[in-house]
Amino acid sequence: MNQLNLDLIDAFAGSEFDEEFQKHGTHDQKTHGSWANMSVEGQTVEGRTITGLIDKLSEKKTPGFSIDIRTKQSAKDGFIASDMGAERVLDFAPLKASRASLRTALKDYINDHAELLDNKGSFFGAWVEQGKLYLDVSRRYGSRSEGVRAGFKNEQKAIYDVVNDSYIYMKDEVDERTNKARLGGNSEASQGNDGEGEGRLRGRNLASDRGQSVTNPHVCLGRYQVQKHRQGEHDQATHGNWAGDRYPTDSVKGARDGAKEYAFKKGLKPDETIDYTKVVANRERASRIADIYDTLPKMDRDAVDEYEALASEVEEQFDYMTKTLGVKVEFVAEDPYKTSKEMFEDVSRGTLKVLQTETTGAHPLFSDAQNNKFRAVHDYFGHAATGRGFGQDGEEAAWVHHSQMFTLKARAALTTETRGQNSFFNNRGKQFADQKVALLPEEFWSVPAVFQKIKVIRFAAGLKPIFKHTGGEAHAGSDDQASHGNWARGISAEDEALIDQMSTMGPSKEDILNSLVDAEQPDTSDLQMLVNNDAGLYEQATYGIEDRVEQAFQDAKYEYEDQAASDQANEELRNRLYEKIQDEMVQEYIDYDEDGLSQLWREQEGVEDFNPEDLHGAFDEVYGMSYDITNNAGEVVTTLSSETTNIYRDGGVLQIQGSVSDSEGNFAGEFQRSFYKETNDNGEEVLVVEHDLFRVAEEYQGSGFGTKFLAQQEAYYVSKEIDAINVSTAWDGARHWARAGFDFNPKYLERNIVEIVDRANLMVETLAIGSPARQEFDALMQRTVQTYGSDANGIAYNGLRSMKEDNFPTPNDFAMIGYGKRVQSGTNEVGKPIYDWAGKQLLDGLNLKYRKGLTQEGRTLNQGPIDRDGDGLVYDGTVREKPVSAVNSAP
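Analysis parameters
Every chain begins its residue count from 1, and numbering advances along the sequence as written. The model is predicted, so local features are restricted to residues of pLDDT at least 70 and side-chain atom pairs to those at 80 or more, both for listing and for counting; the totals for chains, interfaces and linings are taken over all residues. Excluding hydrogens and water, the side-chain values take into account all heavy atoms of the structure. Runs of E in the DSSP output that reach at least two residues are strands. Runs of H or I that reach at least four are helices, and both are numbered from the N terminus. Burial classes follow relative accessibility: with a 1.4 Å probe on protein chains only, a residue under 20% of its type's maximum area counts as buried, one over 50% as exposed, and anything between as partly exposed. Here, residues are in contact when the closest pair of their heavy atoms is within 4.5 Å. In these tables, accessible area is a Shrake-Rupley quantity obtained with a 1.4 Å probe, and a residue counts as shielded only by the protein chains included in the view. Confidence scores per residue from the predictor, reported as pLDDT, run from 0 to 100. In these notes, a set of buried Ala, Val, Leu, Ile, Met, Phe, Trp, Tyr and Cys residues joined through side-chain atoms within 4.5 Å is what counts as a nonpolar core. Lines fitted to the C-alpha atoms define the axes, with helices restricted to the stretch that makes contact. Angles between their N-to-C directions range from 0 to 180 degrees. In what follows, roughly perpendicular refers to angles from 65 to 115 degrees, roughly parallel to angles under 35, roughly antiparallel to angles over 145, and oblique to any angle outside these ranges. Each crossing gets its hand from how the near helix is turned against the far one by less than a right angle, where anticlockwise is left-handed and clockwise is right-handed. Pairing of aromatic rings covers Phe, Tyr and Trp, the last counted by its six-membered ring, and requires centre-to-centre distances within 6.5 Å; plane angles under 30 degrees mean stacked, over 60 mean edge-to-face, and any other angle means tilted. What counts as a salt bridge is simple: a side-chain nitrogen of Lys or Arg found within 4 Å of a carboxyl oxygen of Asp or Glu. The term polar contact refers here to a pair of N or O atoms within 3.5 Å; inside protein, the definition further demands a hydrogen-donor-capable atom paired with an acceptor-capable atom, and it admits residues adjacent in sequence only when both atoms are side-chain atoms. Each residue gets one of three labels, nonpolar for Ala, Val, Leu, Ile, Met, Phe, Trp, Tyr, Cys and Pro, charged for Asp, Glu, Lys and Arg, and polar for the others, Gly among them. Between the first and last residue of a helix there are one fewer steps than residues, each counted as 1.5 Å, and that sum is the expected span. For two strands to count as paired, DSSP must find a minimum of two bridges between them.

Caption draft 1: Fine view of the overall build of the chain. Within the chain, the regular secondary structure consists of 30 helices and 27 strands. Taking all 891 residues of the chain together, 50% fall into the buried category. Across the chain, every contact between residues at least 6 apart in sequence was considered, and the portion connecting residues at least 24 apart equals 66%. Roughly 41,100 Å² of accessible area belongs to the chain as shown, and the carbon and sulfur atoms make up 46% of that amount.

Dropping the structure here:
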């Protein structure tokens, strides 16, 4: 077995599940960053515990893992495809019920396939689907096309996309590959293709022909004319990848291109200037729409014509979507998607599931079939096209995009069905609106000129915000809202000044988002144009074409009694075959060397990959600072300075590493930050930052450096509208982050509480039954769980409460247990006292998941409480939302 990492196999075989995969031998590995903890989901398994790997098999989205057991690392990007012949399929249910049995199954597989796994580049893979555990030896491929080809070659059911944490199923890939090979264009090419080459002339030109006049088409090696468009058609320059800048990354290109083509065919002119990443629903307007919707009759006969126009145009759009674009639609009895991202992934594979009207109740005018089709086209051309979710802002974006595919008459009814009902839902405590056949006032049918959620009323630094309420006589005039919660404290003049200062420093949010996106990649049409327009490449691609054409011609040529008729028919046949075989050979050439051709395309187009050095100076403004360390006499003993040392992109994560030094240049600390996108509760992608590591040498702990260091960063995040800070704690971080205002991350709430309870059960002396500290702990646990008490088997904790409930404890509540009776345990090197108390011991060394919201629902630094999604709750400065009382707080 060539000493195939016996330490790793022993970890599987050992009696404890908390052994770690070690990067190094026995030295302190805390200096290596976040790998020693549960790091960013989907990025790496370095340092994950055995428990963590096994837990990956129980995840809902893509249960499984792939790890190189030689290096103990997982792939950070690329596509994972299994080799043929090493698969093992087991029933997962009994293994899931017994972690020991599951560990044994994994160990046995490694032993049985040791030599294969010892090969460089091999990965040990495990994944779960439909009650089965699949174990295999797999391999990483750099490009999607290579991974797909390996999947077909090895007869696999699916391959794994590492960066997007998703499976690519071979059954979905067959049609896609075939269509691209035949057509290489958009849906228009699909509709017009006659199978003999005519359709290819109608495809897009995304490379060499950009900006070329339709009246002066480019002649491709004398064989055929390559045009952006046929005479008289509109400029489709907006159809390429460059159009994606106005859309979120989840936007499905086929859906937005299809919407544009349909609108053109109907003589409509969508607004090409709208940035769908910034479309939001104005809360004041939504409130007015909700009030008006409430007063509309259920059946207004004068609105029937508009609704019939809507039904007719929906029918056309559905036919276009299913027949021209080839989308397969399935109407199902239960809600098919938990998040909008799941729907976008489905749509990107050419399928769409829709909750059928039969489940939710009939429409007052439309038949069930008509209403089903309406839901389908709205999900496709509204949500999937814009890449926006089902929250209030996502629904507004979907209405804006989809409404521009309708005539004004049909749009009137569409507005009631979508914008009207969504406004009602978000302003009536998430209460579904009654469906009506009636029209909202015409002012609401038009796309807004600007998009803004609210009118921001700034207030002087340090003062409490005063807002004029709207919503009736109860809130007329000014109302001092200081009584409405912690948000009313405002911010200090120092905080305001620091935020203003940091707003001019560091990289912009756009810079960070751009750094997370791969450089523009060519699609099939781009590569086809590259080959066809380059004489050398074309000659290589079509080498031997005459022989292939002749063979095909001999197999299919016509023989009529009339020789002239035969000659004419055969001449036409030969021309058609030449075009068809030419396309096939070009596509085969692309499939053979897609990576090399893609690199050549990027060089010709001037597309540059992300260069970390471009952001180095900017990030030094965020993470660089100096701080004087003083002793008890107020004398400066040294000055700590921080700076960034390394910036790089790891898959979809931008990593920032840095160090802290004293006046003599000696090591005094280190830090690491990660910027990445995650999906919020509304299914929308937001930018967050993970504080992976911040360690200060022991002699400087408690000096105030960390407080100032973190305050500067948080002011920067707030000024750039970063959504939240995530933290995985280690060492004494669970306490320090708690005192810095961090809250439990709701996604890991149960895990966090279990960690705290397990630690408490080990603190027999410090948290002795009946002690004051234990009484504090028990009181917090009663606020944390639905039922809490003791029975014959000991203490029972059941049923976690929701963090949104009033009085749910924060991490700082646990950190402060027994603080009033703290005792001094010593002094540090600069003479400052060190104290111990129960809460400090309780959280010491715990790996908890914290989160601090920065720009979430209900409050920003210059705004009061705003119920942005109309659910009766506002954000209170933590990751939670709290009741808004009886106040309509939308300014």
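Caption draft 2: Highlighting the confidence of the model for the chain. Per-residue confidence for the chain averages 76 on the pLDDT scale, and 76% of its residues sit at or above 70. Across residues 175-244, where pLDDT falls below 50, the model places 150 contacts with residues more than four positions away in sequence or in other chains.

Caption draft 3: Focus on the nonpolar core. If you look at the biggest cluster of nonpolar residues, it comprises 64 residues, and the most contacted ones within it are Phe619, Phe675, Phe814, Leu842, Leu843 and Tyr850. Per element, the largest residue contribution to this core is seven residues, and it comes from helix 25 (residues 705-719). Apart from the residues within four sequence positions on either side, Leu843 is in contact with Trp731, Ala734, Arg735, Ile756, Arg759, Pro811, Phe814, Ala815, Leu848 and Tyr850. Core analysis: the next-biggest nonpolar cluster, separate from the first, contains 42 residues, Tyr247, Tyr320, Tyr337 and Phe406 among them.

Caption draft 4: Quick look at the packing of helix 27 (residues 749-762) against helix 28 (residues 772-784). Direction vectors running N to C along helix 27 and helix 28 enclose 155°, while the axes themselves pass 12 Å from each other. In terms of their interaxial angle, helix 27 and helix 28 are classed as roughly antiparallel. Between helix 27 and helix 28 the crossing geometry is left-handed. Here helix 27 contributes Ile753, Ile756, Val757 and Ala760 to the contact with helix 28, which in turn contributes Arg774, Phe777, Met781 and Thr784.

Caption draft 5: Structural detail: the packing of aromatic side chains. Per the counting criterion, the structure on display carries 28 aromatic pairs. Residues Trp737 and Phe742 carry aromatic rings whose centres are separated by 5.0 Å and whose planes lie at 65° to one another, so their mutual orientation is edge-to-face. For the pair formed by Trp737 and Phe742, the shared burial category is buried. Taken together, Phe619, Tyr623, Tyr627, Phe671, Phe675, Phe694, Phe705, Phe709, Tyr716 and Tyr717 form an aromatic cluster joined through their ring pairs.

Caption draft 6: Spatial organisation of helix 12 (residues 340-348). Along helix 12, the positions that sit buried rather than exposed are Ser340, Lys341, Met343, Phe344, Asp346 and Val347. Each element contacted by the buried residues of helix 12 is listed here: strand 11 (351-355), helix 14 (368-386), strand 17 (667-679) and strand 18 (685-696). The positive-phi residue at the C-terminal boundary of helix 12 is Gly350, with phi of around 90°.

Caption draft 7: Focus on the pattern of salt bridges. Here the structure, examined in full by the defined rule, presents 34 salt bridges. The residue Arg548 makes a salt bridge to Glu588 at a minimum N-O spacing of 3.1 Å. Of this pair, Arg548 sits in helix 21 (residues 545-556) while Glu588 is found in helix 22 (residues 563-592), placing the two residues 40 residues apart along the sequence. Across the salt bridge formed by Arg783 and Asp813, the nearest N and O atoms sit 3.5 Å from each other. Here Arg783 is found in helix 28, whereas its partner Asp813 is found in helix 29 (residues 811-815), with 30 residues between them in sequence. Assessed through its relative accessible area of 25%, Arg783 is described here as partly exposed. Judged by its relative accessible area of 29%, Asp813 is partly exposed. Among the ionic contacts, a cluster of salt bridges with common partners joins Asp250, Lys341, Lys677 and Glu685.

Caption draft 8: Structural detail: the side chain of Arg851. Assignment of secondary structure puts Arg851 in strand 25 (residues 849-853). Arg851 sits in the buried class, given a relative accessible area of 9%. At 2.6 Å, the side chain of Arg851 forms a polar contact with the side chain of Glu678. There is a polar contact of 2.8 Å between the side chain of Arg851 and the side chain of Asn726.

Caption draft 9: Up close: the packing of helix 11 (residues 304-324) against helix 16 (residues 408-427). Running from N to C, helix 11 and helix 16 cross one another at 95°; their axes reach a closest spacing of 7 Å. As the angle between them shows, helix 11 and helix 16 are arranged roughly perpendicular. Seen from helix 11, the contacting residues are Asp305, Glu306, Tyr307, Ala309, Leu310 and Glu313; seen from helix 16, they are Lys409, Ala410, Ala412, Ala413, Leu414, Thr416 and Glu417. Counted by class, the contact of helix 11 with helix 16 contains seven nonpolar, one polar and five charged residues.

Caption draft 10: Summary view of helix 22. Over its 30 residues, helix 22 runs 42 Å from end to end, which matches the ideal 44 Å to within 8%, given 1.5 Å per residue. Between the side-chain oxygen at the start of helix 22 and the backbone nitrogen of Ala564 there is a gap of 3.0 Å, and the oxygen is on Asp562.

Caption draft 11: Representation of the pairing of strand 17 in the model. Among the 13 residues of strand 17, 10 are classified as buried, and the element is accordingly described as predominantly covered. One ladder, built from eight bridges, connects strand 16 (residues 653-661) with strand 17; its direction is antiparallel. Considered in strand 17, the bridge of Val660 is made with Gly669. Linking two consecutive strands that pair antiparallel, namely strand 16 and strand 17, is a turn of five residues; a positive phi of about 85° is found at Gly665 within it. As judged from the 11 bridges shared by strand 17 and strand 18, these two strands associate in the antiparallel manner. Across the sheet, residue Glu670 finds its bridge partner in strand 18, namely Arg695.

Caption draft 12: Here's a closer look at the sheet that holds strand 16. Taken in spatial order, the eight strands make up an open sheet running 14-15-16-17-18-19-25-20, and their pairing is mixed. Two strands bound the open sheet, and with one partner strand each, they are strand 14 (625-630) and strand 20 (743-744). Where helix 24 (residues 613-623) meets the sheet, it contacts strand 14, strand 15 (636-650), strand 16 and strand 17, and its direction lies at approximately 140° from that of strand 15.

Caption draft 13: Seen up close, unusual backbone geometry. Phi is positive for Glu155, which is not a glycine, with a value near 55°. When you line up the elements, Glu155 lands in the loop between helix 6 (144-153) and strand 6 (158-161). Of note in this structure, Glu721 is not a glycine but carries a positive phi near 60°. According to the relative accessible area criterion, Glu721 is exposed, its value standing at 52%.

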